[in-house]
Amino acid sequence: MAIKKKYVIDRSTHELSDNEITILSLGLTFIPSTTYHRKNAISNEFNRYARTMRLKEYFRTNDRQQNKFRTKSDWEPPADHANRIPDLDKYLELTRRDLQSIPRQHTTDNLTPELRQTLKQLQHREEIIIKRADKWSGTVIEDKKTYIRDCSDLLTDKKTYEETEHDHRWETYHLIQELSFDAYANRVIDRNIHKFLLQQFNTIKTAEFYGLRKIHKTPATLRPIIAGHSSPTTRLSRVLDHYLQPIVATSKSYVRDSKQFIQIIDNTTLPKDTLLIAADVTSLCTSIPQQEGIDTVCKAMDTHYQDSWLTAFTREGLRIILKENYFQFTDRTYRQIYGTAMGTPVAPSFANIFMTNLETTFMENETTRPTHWYRYIDDIFLTWIQDPET
């Protein structure tokens with residue numbers, strides 16, 4: 001493995017040119033500039049902005065909480081509604097005129113012609129794979145054959161994955177429809193969530209498997225990810241995550257993000273002989289027994305919401321997400337049969353609640369405990385007072 005430039009890790013056996021390394025060092029989120037202002041693009045953006053302002057105007061006296069599960073629409077408020085603001089009409093018209101008066105002009109290019117040509121060449125290099133490193137710690141380049149081999153090795157784990165003949169998208173979609181209609185009929189979910197769950201079948205795609213290289217560890221293994229933005233279970237996963245997130249935040253060890261962790265540490269005074277200990281859980285998501293995880297989450301749901309119907313909805317929803325987790329890699333279809341997939345929206349909350357239950361049980365059964373214990377999903381930080389007897 002060679003670090004060619006900051007944040008560029010070359011693990012391949014194929015030589016990369018200096019220009020290719022330069023392009024890659026810009027990062028995978030870098031966007032090449034366009035060479036001129038496109039008036040149609042500016043007009044489309046303005047129309048979206050104007051519609052947003054009109055919607056805010058129309059609903060400004062509505063005190064209802066914003067619906068996070070609203071399905072997209074192109075509905076426009078009527079021209080003569082009671083909440084019209086004359087000054088908004090003037091503002092939007094003046095803004096539209098100003099944008100129309102922008103002359104067509106060339107912009108400063110953020111890539112040289114040579115680097116633009118290099119970018120096109122990189123897109124056609126089929127012998128290498130370019131992906132971000134795990135933990136967003138850089139860009140990794142490696143041989144495509146090596147990457148496919150290592151991913152395939154992960155999928156040979158018969159305890160976690162099984163190969164199937166097809167992906168059962170229609171069957172999974174039908175299960176979610178039944179669950180949604182039943183929950184809506186029993187007033188467990190509202191109309192907005194019900195509509196959100198009943199997505200069009202023609203928009204559903206099979207999830208894709210890929211791996212992120214853990215360059216911060218030795219050996220640099222792959223973290224398995226199942227990306228299913230449009231998979232049958234993604235919307236159901238988002239809905240369940242909405243209900244589980246408030247439970248996650250009640251954990252005594254809960255850390256929301258690195259900023260909160262820094263604030264905690266800044267406000268903590270420790271004795272001189274305190275040990276600082278960092279630990280993590282190996283492959284947490286794929287190590288959680290599915291049924292045990294579902295039972296643990298549902299017990300937490302009962303305690304937090306005290307709603308047996310909502311708990312039953314959660315139990316069946318989690319069962320579908322975990323048991324109907326089909327995905328593709330290369331030209332093969334698989335199903336995950338153990339643990340939960342990294343990539344589905346509810347996975348962090350599911351793992352968090354499972355870990356909270358484990359650590360609570362552990363602390364209750366121990367007489368000697370750490371002085372502080374904080375956790376971000378599977379990353380643990382604790383302090384321990386040194387004592388010759390312990």
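Placed above this text is the structure.
Position numbers for residues count from 1 along each chain, tracking the sequence in the order it is written. Under the rules for a predicted model, residues below a pLDDT of 70 receive no local features and side-chain atom pairs below 80 are neither given nor counted, while totals for whole chains, interfaces and linings still include all residues. Here the side-chain values reflect all heavy atoms present in the structure, with hydrogen atoms and water set aside.

Caption draft 1: Here's a closer look at the packing of aromatic side chains. Ring pairs are drawn from Phe, Tyr and Trp, using the six-membered ring of Trp, whenever the two centres fall within 6.5 Å, and their geometry is named by plane angle: stacked under 30 degrees, edge-to-face over 60, tilted for the rest. Under the criterion given, the structure shown has 13 aromatic pairs. Each ring, one from Phe 209 and one from Phe 327, has its centre 5.5 Å from the other, and the planes form 25°; the classification is stacked. Placement of Phe 209 in strand E6 (residues 207–213) and of Phe 327 in strand E9 (residues 326–329) is noted, with a sequence separation of 118 residues between them. Note on accessibility: Phe 209 and Phe 327 belong to one class, buried. Aromatic pair Phe 362 and Trp 373: ring centres 6.3 Å apart, planes at 40°, arrangement tilted. Note that Phe 362 is positioned in helix H13 (residues 347–364) and Trp 373 in strand E11 (residues 372–376), a separation of eleven residues in sequence. Residue class for Phe 362 comes out partly exposed when judged on its relative accessible area of 40%. Site record: aromatic cluster; members linked through ring pairs are Tyr 161, Phe 209, Phe 327, Phe 329 and Tyr 334. Remark: a charge is flagged as sitting over a ring if the NZ atom of Lys or the CZ atom of Arg is within 6 Å of the ring centre and within 35 degrees of the ring normal. Here Arg 235 stacks its cationic end above the ring of Phe 196, 4.8 Å away from the centre of that ring. Under the DSSP-based scheme used, a helix requires at least four consecutive residues in state H or I and a strand at least two consecutive residues in state E, with every element numbered from the N terminus. In this scheme, a residue with accessible area under 20% of its type's maximum is buried, one over 50% is exposed, and one in between is partly exposed, where area comes from a 1.4 Å probe on protein chains only.

Caption draft 2: Main features of the pattern of salt bridges. Whenever a carboxyl oxygen of Asp or Glu lies within 4 Å of a side-chain nitrogen of Lys or Arg, that contact is scored as a salt bridge. Under the criterion given, the structure shown has 25 salt bridges. We note a salt bridge from Arg 116 to Asp 109, for which the minimum N-O separation is 3.0 Å. Classification of Arg 116 as partly exposed rests on a relative accessible area of 25%. Of the residues examined, Asp 109 reaches a relative accessible area of 33% and is grouped as partly exposed. Of the charged contacts, one joins Asp 280 and Lys 217 as a salt bridge, the two residues approaching to 3.4 Å between their closest N and O atoms. Note that Asp 280 is positioned in strand E8 (residues 274–280) and Lys 217 in the loop between E6 and strand E7 (222–227), a separation of 63 residues in sequence. Residue Lys 217 is classed as partly exposed on the basis of its relative accessible area, which comes to 33%. Each member of the salt-bridge network shares a partner with another, and the members are Arg 11, Glu 142, Arg 149, Asp 150 and Arg 213.

Caption draft 3: Here's a closer look at the sheet that holds E11. Strand pairing is assigned whenever DSSP identifies at least 2 bridges connecting the two strands. Here three strands make up an open sheet; going across it, the order is E8-E12-E11 and the pairing antiparallel. Among the strands making up the open sheet, the edge pair consists of E8 and E11. Shown here is a sheet whose adjacent strand axes are inclined to one another by a mean of 15°, direction ignored. The pairing of E8 with strand E12 (residues 379–385) spans seven bridges and is classified as antiparallel. Across the sheet, Ile 277 pairs through a bridge with Leu 382, a residue of E12. Inter-axis angles, ranging from 0 to 180 degrees, are taken between N-to-C directions of lines fitted to C-alpha atoms, where helices are fitted over the stretch in contact.

Caption draft 4: Representation of the layout of surface pockets in the model. Approximately 780 Å³ is the volume attributed to the second largest pocket. Elements with a contribution of two residues or more to the lining of the second largest pocket: E7, helix H10 (284–287) and H13. Within this scheme a cavity is a closed region of a 1 Å grid, computed over the protein atoms alone, that accommodates a 1.4 Å probe without allowing it to escape, whereas a pocket is open but has protein on both sides within 12 Å along at least five of seven lines; lining residues each have an atom within 4 Å of a point. Grid points are joined across faces, edges and corners, and a volume is the space filled by probe spheres set on the points.

Caption draft 5: How the structure looks around helix H6 (residues 169–185). To estimate how far a helix should reach, multiply one less than its number of residues by 1.5 Å. With 17 residues, H6 extends 24 Å between its outermost C-alpha atoms, agreeing within 8% with the 24 Å of an ideal straight helix rising 1.5 Å per residue. Every buried residue of H6 is accounted for by Thr 172, Tyr 173, Ile 176, Leu 179, Ser 180 and Ala 183. Each buried residue of H6 lies within a common arc of 125° when the element is viewed along its axis, so the set occupies one face. Any pair of residues with heavy atoms lying within 4.5 Å of one another is described as a contacting pair. The inward-facing, buried residues of H6 abut helix H7 (191–197), helix H8 (234–248), helix H12 (308–323) and E9. Picture the helix axis, draw a direction to every C-beta atom, and the arc is the one those directions span.

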